[in-house]
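Chain residues, written in single-letter form:
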Amino acid sequence: MSRTVAILVARLIFAGAFAMAAVFKFAGMEQTAAYIAAAGFPSPLLLAWLAAIFEVALVLAFLTGAFFSEAALLAGVYVIFLAFAFHGPSLWQGNQAEFGFFVDHFTFLAGLLFAAVHGPGEKLALRQGLIWKNEAASAN
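Given the structure is predicted, the values throughout are model-derived calculations rather than measurements. (Residues numbered from 1 in each chain as written. Predicted model: local features only at pLDDT ≥ 70, side-chain atom pairs only at ≥ 80, totals over all residues. Heavy atoms only, no water.)

A. Summary view of the overall build of the protein chain. Helix and strand counts for the protein chain stand at 6 helices and 0 strands. Start at the N end of the protein chain and walk to the C end: the helices and strands fall as α-α-α-α-α-α. Seen through its principal axes, the protein chain has C-alpha atoms that stretch 50 × 30 × 25 Å. Across the protein chain, contacts joining residues at least 24 apart in sequence account for 66% of those joining residues at least 6 apart. Carbon and sulfur atoms make up 72% of the accessible area of the protein chain, which amounts to about 8,600 Å² in all. Of the charged side chains in the protein chain, 6 are positive and 7 negative, and the gap between their average positions amounts to 14 Å. (Helix = DSSP H or I, 4+ residues; strand = E, 2+ residues; numbered from the N terminus. Contact = heavy atoms within 4.5 Å. Areas by Shrake-Rupley, 256 points an atom, 1.4 Å probe, with all protein chains shown as cover. Lys, Arg positive; Asp, Glu negative; His and termini not counted. Charge placed at Lys NZ, Arg CZ, Asp CG, Glu CD.)

Here is the structure:
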């Protein structure tokens, strides 16, 4: 029972983090685009919309358990991209807090990798997915 609760809470935390990010993007799409543009990326408004939509897809995967491992791996890549793009080494000299933000992304990555390997749990999960299928079938 405690394992199930821990997994469900972890899924809610992952979903909540990405839901908050998506809500902030949708609520301030122009500000998000300006932040993206300040980092030097082209087509910032398009990238802001794509990021918000991607984050909603991650929320759905974490809440439902469908394509959970795939979502966790993609979220990990996304989180590390964000670390380097928006909190990378070039920003540390001007603001030491940026180093902390950068490192925090790797902690998040560790949780996402662990989640990707172990999956969404047995309860309240649509166990759909493309990866780990052969291993799941051989374990049964």
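B. Structural detail: the packing of helix α4 (residues 68-87) against helix α5 (residues 97-118). The geometry of α4 relative to α5 is characterised by a closest axis approach of 8 Å and an angle of 170° between their N-to-C directions. When the axes of α4 and α5 are compared, the pair comes out roughly antiparallel. (Axes fitted to C-alpha atoms, helices over the stretch in contact; angles between N-to-C directions. Parallel < 35°, antiparallel > 145°, perpendicular 65-115°, else oblique.)

C. Up close: the packing of aromatic side chains. All chains considered together, the criterion is met by 15 aromatic pairs. Look at F84 and F102: their rings are 4.9 Å apart centre to centre, the planes differ by 85°, and that puts the pair in the edge-to-face class. Of the two residues, F84 is situated in helix α4 and F102 in helix α5; the sequence distance between them amounts to 18 residues. Through pairs of rings, three or more aromatic residues link up here, namely F14, F18, F62, F68 and F108. (Phe/Tyr/Trp six-rings, centres within 6.5 Å; stacked < 30°, edge-to-face > 60°.)

D. Layout of the environment of L12. Topologically, L12 is positioned in helix α1 (residues 2-27). According to the relative accessible area criterion, L12 is exposed, its value standing at 52%. Sequence separation between L12 and E30 is 18 residues, and the spatial gap between their C-alpha atoms is 28 Å. (Buried < 20%, exposed > 50% of the residue type's maximum accessible area, 1.4 Å probe, protein only.)

E. Focus on helix α2 (residues 29-38). Residues of α2 that are buried include every one of M29, T32, A33 and I36, and no others. Here the buried residues of α2 occupy an arc of 100° about the axis, which is enough to place them on one side. Away from the buried face of α2 by more than 90 degrees, exposed residues E30, Q31 and A38 are located. In the core, the buried residues of α2 are packed alongside α1, α3 (44-64) and α4. Of the residues trailing α2, G40 is marked for its positive phi of about 95°. (Arc of directions from axis to C-beta.)

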